Amino acid sequence: MSKPTVRKGGRPSKPTDEKRTHVVTIKLNDAEYSDLLERSKAAGVKMAEYVRHGAFRLTIVSRLSGIEQEIARGILNLSSDFNQAMTCFHQLKLRSAANKLVAVVDKMFDILKKLRPNKETDYVCKNT
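Structural notes, computed from the coordinates. Sequence order sets the numbering: in each chain, residues are counted from 1 along the sequence as written. Note on the predicted model: pLDDT of at least 70 is required for a residue's local features to be given, and 80 or more for side-chain atom pairs to be given and counted; whole-chain, interface and lining totals, by contrast, use all residues. Side-chain numbers come from the whole structure's heavy atoms, not from hydrogens or water.

### A look at the pattern of salt bridges
Between Lys or Arg on one side and Asp or Glu on the other, a salt bridge is scored when a side-chain nitrogen of the former is within 4 Å of a carboxyl oxygen of the latter. Using the criterion set out here, one finds two salt bridges in the structure. R39 is the partner of D35 in a salt bridge, and the nearest nitrogen-oxygen pair spans 3.2 Å. With a gap of four residues between them, D35 and R39 both fall in helix α1 (residues 30–43), about one helical turn apart. In this structure, the salt-bridge partner of E49 is R52, at a minimum N-O distance of 2.5 Å. One end of the pair is E49 and the other is R52, both in helix α2 (residues 47–57) and three residues apart, which spans about a single turn. Going along the chain from the N terminus, every DSSP run of H or I of four or more residues is numbered as a helix, and every run of E of two or more is numbered as a strand.

### Digging into helix α3 (residues 66–91)
With 26 residues, α3 should reach 38 Å at 1.5 Å per residue; the first-to-last C-alpha distance of 39 Å fits that figure. To get the bend at any residue, fit one axis to the seven residues that end at it and another to the seven that begin at it, then take the angle between the two axes. The axis of α3 is deflected most strongly, by about 30°, at S79. Among the residues of α3, E68, I75 and M86 are the ones counted as buried. Two residues or fewer after α3 comes K93, characterised by a positive phi angle close to 60°. The span expected for a helix works out to 1.5 Å for each residue beyond the first. Burial status follows relative accessibility: with a 1.4 Å probe on protein chains alone, a residue under 20% of its type maximum counts as buried, one over 50% as exposed, and anything between as partly exposed.

Right, dumping it as structure tokens:
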């Protein structure tokens, strides 16, 4: 009589390309750990999955280069002058001049977007 085959219980093994074999260790202080634990619980996932999701879904961009900082600073310095000019145009009822000025500013913002595309969705990693 042949021996009955014993079925192993549990989940079937994952294919080798889906197995996670590398471990990354980070150190956190108590406040960071508790914050991470709360966030993962609120999201309803394990902490490792929460960290993994954040690591691969987050886009980290470098700080602005020196030239990019100069350009941004120059444009920001012009903002108060722009505001004063717009106020004068509106007081003098010069709508067409105001519209031209707005068009120039829109072009400046297009240039800034070329320096740092998708700035609204990017995250900056600060070196501390």
